[in-house]
Amino acid sequence: IFADMVGYTRWLETDQVYAMKLVAEARKVIAAEAEEYGGIVHRQFGDGFLVSFASTVDAVRCALATQDKLSGGNPPALRIGIDMGDVVMSGDDIHAPAVNVAARLQSLEPYAAPGTVVVSENVWRQIRNQGEFEIEHVGREFLKNVTEPAEIFVVKFRPSYDLGDSPQMQPGSS
């Protein structure tokens, strides 16, 4: 997950103390949700946050839960991008093309509006059969410094989805 606060630079220019309060609120929510869903917060870049997960589904759940907690029209609002792939660990930090793609996805207008979760095709392939998500394919775009175009998807929780709504497996079925 790469998450970025919307309007941070504007807040810094007008009220630095308020901007720092917004960052602290975002950090608190992201850290709590990452812990809830098994993620590790690796870095914070001013108003940007990098979080990794062992599970793609849990990464999306965390992103959506974070957006839900920060929704309501009041700052801080986030844009979140998610990609998946192998990473290289360097101390507590991670490096990978997936990190760069996630960062590009969260800034990709018009899809990455405040409060959205934008995911790559790699992520879509892992979550497409999860009944709890609504997924909209919004286009194919070239991302900055990425050689191949990316299929772009926006993800939301399915309204009023309950795990009890999912079809039950019958004995002997697979």
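Remember, predicted model here, so these are calculated numbers, not experimental data.

A.B. asks: Help me get a handle on the layout of surface pockets, residues and values and all.
C.D. replies: Quantified by volume, the largest pocket comes out at close to 340 Å³. Considering the residues around the largest pocket, the lining is formed by 19 residues, among which S52, F53, D83, M84 and G85 are closest to the centre. The set of elements that each furnish at least two residues to the lining of the largest pocket consists of β3 (48-52), α3 (56-70) and α4 (97-106). When its volume is computed, the second largest pocket comes out at roughly 230 Å³. Elements supplying a minimum of two residues to the lining of the second largest pocket: α3 and β9 (150-157). Of the residues belonging to the lining of the second largest pocket, the class tally is 9 nonpolar, 7 polar and 2 charged.

A.B. asks: If you had to explain the packing of aromatic side chains to someone new, which residues and values would you point to?
C.D. replies: Counted according to the given criterion, the structure contains 4 aromatic pairs. Their ring planes at 25° and their centres at 6.1 Å tell us that F133 and F157 sit as a pair that is stacked. With a gap of 24 residues between them, F133 in strand β8 (residues 133-141) and F157 in strand β9 connect regions that are remote in the sequence. The exposure class of F133 is buried, given its relative accessible area of 2%. Overall, the relative accessible area of 34% leaves F157 in the partly exposed class. The ring of W11 has R10 lying over it, and the distance from NZ or CZ to the ring centre is 5.3 Å. R128 extends its terminal NZ or CZ atom over the ring of W124, reaching a point 4.9 Å from the ring centre.

A.B. asks: Describe in detail the nonpolar core, supporting the description with residues and values.
C.D. replies: Grouped together as the largest cluster of nonpolar side chains are 31 residues, with contacts concentrated most on I1, V60, L78, I80 and I82. Of all the elements in the fold, those that place two or more residues in this core are β1 (2-5), α2 (16-36), β3, α3, β4 (78-82), β7 (117-120), α5 (121-127) and β9. Ranked by size, the runner-up nonpolar core spans 10 residues in total, among them L105, L108, A112 and V154.

A.B. asks: Give a description of empty space enclosed by the protein that names residues and reports values.
C.D. replies: A probe as big as a water molecule, rolled over the atoms, marks out the empty space that is left. Evaluation of the coordinates by the stated rule reveals 1 cavity of 30 Å³ or more. Counted as a void, the largest cavity has a volume near 40 Å³. Lining the largest cavity, in full, are I1, A3, I30, V51, C62, A63, T66 and I80. Looking at side-chain class alone, the lining of the largest cavity contains 7 nonpolar, 1 polar and no charged residues.

A.B. asks: Account for the packing of α2 against α3, with residues named and values stated.
C.D. replies: Where α2 contacts α3, the axes come no closer than 9 Å and their chain directions differ by 140°. Crossing of α2 against α3: the hand is right-handed. Residues E25, V29, I30, E33 and A34 of α2 lie in contact with α3, whose contacting residues are C62, A65, T66, K69 and L70. Its residues assigned to classes, the contact of α2 with α3 comprises 6 nonpolar, 1 polar and 3 charged.

Quick notes on the rules
- Residues numbered from 1 in each chain as written.
- Predicted model: local features only at pLDDT ≥ 70, side-chain atom pairs only at ≥ 80, totals over all residues.
- Heavy atoms only, no water.
- 1 Å grid on protein atoms, 1.4 Å probe; cavity = no way out; pocket = protein on both sides within 12 Å on 5 of 7 lines; lining within 4 Å.
- Points joined across faces, edges and corners; volume = space filled by probe spheres on them.
- Helix = DSSP H or I, 4+ residues; strand = E, 2+ residues; numbered from the N terminus.
- Nonpolar A, V, L, I, M, F, W, Y, C, P; charged D, E, K, R; others polar.
- Phe/Tyr/Trp six-rings, centres within 6.5 Å; stacked < 30°, edge-to-face > 60°.
- Buried < 20%, exposed > 50% of the residue type's maximum accessible area, 1.4 Å probe, protein only.
- Lys NZ or Arg CZ within 6 Å of the ring centre and 35° of its normal.
- Core = buried A, V, L, I, M, F, W, Y, C linked by side-chain atoms within 4.5 Å.
- Axes fitted to C-alpha atoms, helices over the stretch in contact; angles between N-to-C directions.
- Left-handed = near helix turned anticlockwise from the far one by under 90°.
- Contact = heavy atoms within 4.5 Å.

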